[in-house]
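An overview of the molecular structure
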Amino acid sequence: MRSGTPVVLALASCLVAAPVQAQQSSEGSRVEALVSDTAQRGSFRTLYSRLSEDTEALLYEPAVAGPNASIAVVFSHSNRDNFDAPVASEMARRGYRALMVNYRGDRDNPDAVPEAFLPSISQGIAYLRTLPGVRRVVLVAHSGGGHLATLYQNVAEHGPSACQGPEKIYPCLEEGITHLEKPDGLVLLDPTLGAAHQMTAIDPAVAGDGRDPALDMFAAENGYSPGAKGSKYSPEFASRFHQAQAARNKSIVDGALERLRLISAGEGEFSNDEPILIRGIGVRALGARLYQPDISFVAHTKRKHLLLSADGSETEAVVQSVRPPLTREVQGALRELGVMNYDTTVRGFLANSAIRTQADFAITADDIVGLDWASSYTSTPANAEGVSVPALVLTMSCHYLVVPGEIIFDHLSSKDKTYAAVEGATHLFKPCRPEYGDTVKRVFDFVDGWLGKEGRLPISKRANTAG
């Protein structure tokens, strides 16, 4: 079941990360829990809703509605509980309604196809538009939720054909993703590149049960150092590494497609899918990425953008990444399953992680080239091309996504689009050093100002103008 009257329940004022279980309630009941915020001005209510059989949501709304309450934001991220994501409380403190959506159908399955999550976002947007006074709804995403949000927006604007073209390695499934609710704007907070983020985690040194020393980025003789000063790879090694990384990616993708052909022909291990173990691909944040220990890669944007500095100034500047080198010891995890070895399925890999690389693939100080962005329907830049609503890309300069953020920004088709960076903010919005001040406040104050710009978000034709 994907529709029906949502059941709305009270939550305790002290939120925890554990999932909230639905309880019995009379249809249409609305019991509110007031959450006092003594640390900052303002207070907000939280209301739990079961939007459908497989979708739950937690609404944060200001205790006293002001002008910002006419704008609601919806937030979702696959494979995690979203109820206590900082977007919720930070936006509610600033007077917005914020709906945090959890899709429970395949939530604990890391191989779930991305489009499975789209109907739950649509349900959330539809629910917000039933609230009195809500005139505009904006989709907000963070990190890997960025590729989910751009996929959603692209399909909402153009239909399922947006993720099914012949250029796709593996097309999306159409079931449940027709006639999605259309948001009025899009906010991407420190977004990743989608499938390309996974591709850059491939270790080209993997050779059978051993390692090729000429391609081993974790070898001191190639420039690796786990210390605080970081690693330094030569241009020659980087070129050799990236070429081998692209070649291994092609081999992995082609191998998965061959297994899919056999499955489809009834010659696979199973009739619907197959398990697949890919050695030497980092999962999520880890991987064989030169730019993690060597901060000379993806070090700065190509052009000037708005930089939100610690002193409160907002200036146009080339955005420099101020991140420290990633000194986490990866060598000890090279043989760990689920860390540096990808345990998935053929279809799960093709849907979530497969993208085509070209001969000139390289990661430089200010760019990532040699990727066929359009070949993956989970490619954030490719989906950004289908986005026409006002859009904000806000990156954190104490992380390695300032260049990916600029790439995504450049691909957006929106006439009204903004790229900005928060100086010294980490991926989770907090300052990486004390001198950068209250970066969390700077992040969400800027989002507040961006949303509130006069004329930016016209009142939706689908809005509930009552109240």
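Bear in mind that the values here come from a model prediction, so they are computed numbers and not experimental data.

Before going further, it helps to spend a moment on the overall build of the chain. A count of helical and extended segments in the chain gives 9 helices and 18 strands. The buried share of the chain, reckoned over its 467 residues, is 59%. Sequence separation of at least 24 residues holds for 74% of the intrachain contacts in the chain that already meet a minimum separation of 6.

It is worth spelling out the pairing of strand E16 (residues 368-372) at this point. Alignment of strand E15 (residues 356-363) against E16, held across 4 bridges, turns out to be antiparallel. Its bridge partner being in E16, Ile 363 is matched across the sheet by Ile 368. Between E15 and E16, which follow one another and run antiparallel, lie 4 residues.

This part takes up the confidence of the model for the chain. The predicted model of the chain has a mean per-residue pLDDT of 88, with 88% of residues at 70 or higher. Segment residues 1-5: pLDDT under 50, and 12 contacts once partners within four positions in sequence are set aside and those in other chains are kept. A low-confidence stretch, residues 7-41 (pLDDT under 50), is modelled with 70 contacts involving residues beyond four sequence positions or located in other chains.

With a phi close to 45°, Asp 190 is a non-glycine residue in the positive phi region. The topology assignment puts Asp 190 in the loop between strand E8 (185-189) and helix H4 (195-199). What makes Asp 190 buried here is its relative accessible area of 0%. Of note in this structure, Phe 429 is not a glycine but carries a positive phi near 80°. Summarising the element assignment, Phe 429 is placed in the loop between strand E18 (417-422) and helix H9 (439-451). For Phe 429, a relative accessible area of 2% corresponds to the buried category.

Take the packing of helix H1 (residues 86-93) against H9 next. One can describe the packing of H1 onto H9 by two numbers: an axis separation of 10 Å at closest approach and a directional angle of 60°. Viewed along their axes, H1 and H9 adopt a mutual orientation that is oblique. For the pair H1 and H9, the crossing hand works out as right-handed. Residues Pro 86, Val 87, Glu 90 and Met 91 of H1 form the contact with H9, whose participating residues are Val 440, Phe 444, Val 447 and Leu 451.

Here we take up helix H5 (residues 235-264). Relative to the 44 Å expected for 30 residues at 1.5 Å per residue, H5 spans 43 Å between its end C-alpha atoms, a close match to the ideal helical length. Positioned one or two residues after H5, Gly 266 has a phi angle of 80°, which is positive.

Let's shift gears to the nonpolar core. Soluble, globular proteins show a tendency: their nonpolar side chains are buried together. Formed by 102 residues in total, the largest nonpolar core has its most connected members in Phe 349 and Leu 350. The greatest single-element share of this core, amounting to 9 residues, is contributed by H5. Not counting residues up to four positions away in its chain, the partners in contact with Leu 350 are Ile 169, Tyr 170, Val 253, Ala 256, Leu 257 and Leu 260. Grouped together as the second largest cluster of nonpolar side chains are 37 residues, Tyr 48, Val 73, Ala 85 and Ala 420 included.

Moving residue by residue along a regular strand, the side chains alternate between the two faces of the sheet. Across the 7 residues that make up strand E6 (residues 97-103), a large majority, 7, are buried. The two faces of E6 match: Arg 97, Leu 99, Val 101 and Tyr 103 on one face and Ala 98, Met 100 and Asn 102 on the other face are all buried. The pairing of strand E5 (residues 71-76) with E6 spans 5 bridges and is classified as parallel. Each bridged residue has a counterpart across the sheet, and for Val 74 the counterpart in E6 is Leu 99. A crossover connection joins E5 to the parallel E6 through H1; in handedness this β-α-β unit is right-handed.

Moving on to the environment of Ile 121. Along the chain, Ile 121 turns up in helix H2 (residues 118-128). For the pair Ile 121 and Val 74, spaced 47 residues apart in the sequence, the C-alpha separation amounts to 7.5 Å. With residues near it in sequence (within four places) discarded, Ile 121 still touches Ser 76, Leu 139, Leu 148 and Tyr 152.

Conventions used here
Residues numbered from 1 in each chain as written. Predicted model: local features only at pLDDT ≥ 70, side-chain atom pairs only at ≥ 80, totals over all residues. Heavy atoms only, no water. Helix = DSSP H or I, 4+ residues; strand = E, 2+ residues; numbered from the N terminus. Buried < 20%, exposed > 50% of the residue type's maximum accessible area, 1.4 Å probe, protein only. Contact = heavy atoms within 4.5 Å. Pairing = 2+ DSSP bridges. pLDDT = per-residue confidence, 0-100. Axes fitted to C-alpha atoms, helices over the stretch in contact; angles between N-to-C directions. Parallel < 35°, antiparallel > 145°, perpendicular 65-115°, else oblique. Left-handed = near helix turned anticlockwise from the far one by under 90°. Expected span 1.5 Å × (residues − 1). Core = buried A, V, L, I, M, F, W, Y, C linked by side-chain atoms within 4.5 Å. Right-handed = clockwise from strand over helix to strand, strands pointing away.

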